[in-house]
Amino acid sequence: MRRYVRLLALLAVCSVASGYVYQCEPGTEPTVCSIWNLQYDSKALVKHPDKLPSVQYPSTVRTVRLLFEKYYYNRQQQLTRYDTTLHTTVLHNPPNLQICDTRLRQLVMPPSLQVGYLTDNMISTIEIEPDKAYAVRYLDLSHNSLRNIANLSVLVQLQTLNLEANGITTLNTSVFTRMVNLTYLYLGDNSFSTIDLRPLPKGLSVLWLLRNDLRELSLTGVSMGALRELDLEANSLQTLDLAALFAAFPALQVLPIAYNSFPKEEAERIIADLKRHNVTYSVGMERMYQEGCDSDEYSVDSLCFTETLLGARSFWKGIFLLVMAVLVVCMFGFSVRWIWYQMRY
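Values in this document were obtained by computation on a predicted structure and should not be read as measured data.

(A) Main features of the overall build of the protein chain. When helices and strands are tallied, the protein chain shows six helices and 16 strands. Within the protein chain, contacts between residues at least 6 apart in sequence are counted, and of these 46% link residues at least 24 apart. Here the protein chain displays about 19,700 Å² of accessible surface, and carbon together with sulfur accounts for 56% of that area.

(B) Expanded view of the pairing of strand E2 (residues 32-36). For E2, a buried count of four out of five residues is recorded, marking the element as mostly surrounded by other parts of the structure. Relative to strand E4 (residues 63-67), E2 runs parallel, the two being bridged by five bridges. Residue Val-32 lies in a different strand from E4, and its bridge partner there is Thr-63.

(C) Inspection of the pattern of salt bridges at higher detail. Going through the model one piece at a time under the given rule, you end up with nine salt bridges. Notably, a salt bridge pairs Arg-81 with Asp-83, separated by 3.9 Å at the nearest N-O pair. Assessed through its relative accessible area of 21%, Arg-81 is described here as partly exposed. Here Asp-83 falls in the buried class, since its relative accessible area comes to 8%. In the salt-bridge network here, residues are joined through shared partners; they are Arg-81, Asp-83 and Glu-127.

(D) Spotlight on the confidence of the model for the protein chain. Looking at the protein chain, the pLDDT average stands at 86 and 80% of residues meet or exceed 70. With pLDDT under 50 throughout, residues 1-17 is counted as low confidence; its partners more than four residues away or in other chains account for six contacts. With pLDDT under 50 throughout, residues 310-316 is counted as low confidence; its partners more than four residues away or in other chains account for nine contacts.

(E) Just the state of the cysteines, in detail. With the rule as written, the count across this model stands at two disulfides. One disulfide in the model links Cys-24 with Cys-33; its S-S distance is 2.0 Å. Across the S-S bond of Cys-24 and Cys-33 the torsion is about -100°, and the bridge reads as left-handed. Classification of Cys-24 by relative accessible area gives partly exposed; the value is 21%. The cystine pairing of the protein chain, numbering bonded cysteines in sequence order, is 1-2, 3-4.

(F) Structural view of the sheet that holds strand E5 (residues 81-82). Read from one edge of the open sheet, three strands run E5-E7-E9, paired in parallel fashion. Two strands in the sheet have a free side with no partner beyond their single neighbour: E5 and strand E9 (125-127). For strand E7 (residues 106-108) and E9, the ladder comprises three bridges, and the chain directions are parallel. Counted as the bridge partner of Gln-106 is Thr-125 from E9.

(G) Quick peek at the environment of Val-32. Within the secondary structure, Val-32 sits in strand E2. As for Val-32 and Asn-96, which are separated by 64 residues in sequence, their C-alpha atoms are 9.2 Å apart. Not counting residues within four places of it along the chain, the set of residues in contact with Val-32 comprises Val-61, Thr-63 and Arg-65.

(H) Highlighting the environment of Pro-30. For Pro-30, the position within the fold is in the loop between strand E1 (21-23) and E2. Overall, Pro-30 belongs to the exposed group, its relative accessible area being 60%. Distance in space between the C-alpha atoms of Pro-30 and Val-61 is 6.1 Å, their sequence separation being 31 residues. Ignoring any residue separated from it by four or fewer positions in sequence, one finds Pro-30 in contact with Thr-60 and Val-61.

Calculation rules
Residues numbered from 1 in each chain as written. Predicted model: local features only at pLDDT ≥ 70, side-chain atom pairs only at ≥ 80, totals over all residues. Heavy atoms only, no water. Helix = DSSP H or I, 4+ residues; strand = E, 2+ residues; numbered from the N terminus. Contact = heavy atoms within 4.5 Å. Areas by Shrake-Rupley, 256 points an atom, 1.4 Å probe, with all protein chains shown as cover. Buried < 20%, exposed > 50% of the residue type's maximum accessible area, 1.4 Å probe, protein only. Pairing = 2+ DSSP bridges. Salt bridge = Lys/Arg side-chain N within 4 Å of Asp/Glu carboxyl O. pLDDT = per-residue confidence, 0-100. Disulfide = S-S within 2.5 Å.

Shown next, in the form of structure tokens:
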């Protein structure tokens, strides 16, 4: 008991004198250090530099994971800014970093960082100095609040970049031109309606464009000989020039196309041509029980596509519904007038 009291007293003195000392959560791999609820406020430290926290972990650690309670912890105290002091002084320059599902809003990119998992945060600002060399080769920024990604062009060592679900409405693909090592690029679940494929790195192997609002796919001047997977699911495409597509991507093996706005005849033509070229047009395990399409969709070869008023069947369906709506309004108006007449006389 006396030893326990002494230990508490020592921790209290340390926390007052020089900031709290954090320890790794025990039981994980020797190369991973998980830390819960690290308190770091860059603005407060300007007035109280003696409160700078510190982290102790063995030299074998390569990955630092910062974790925060989601429900019973005061979320206002969560980490909102990750800067150079935190990365270098507090965390001792870990090559791999994981900060997921927090209130992180600002990121100062550490030059020495090699792998960054920063998903499901609120990052809207990334500070990157154009005259510095950055080592990061894997960066997952999905499910954040990025709108302007122009400064990411400095990260020329990237091999994988995930920008899914950031609400990007306008995409200038010249930002990727200098990323000559980029192989996997994920741009799904944003809101852009056009994309210029020409500036993209020629070494791309996987490109995800699913769940955007693409109306057309321009392939003029596009040549990407290494691309084997192009995900176009859930866009607003009404046609695909497959001859131009195979010329632009001669190594193409996977082309998911469901939930686009192809007329039924066009969807049937595209699928038949993809079969002839041995290109897979759906991904994932086959369902044990086939789920039907929604009422405003149709099915071709177990894929669902969105009905469009430009298709003949949907056009007449729209005319029919319009006529029925007019009839209902007329009948309602007649009924009201009849009731009013009966009440008056």
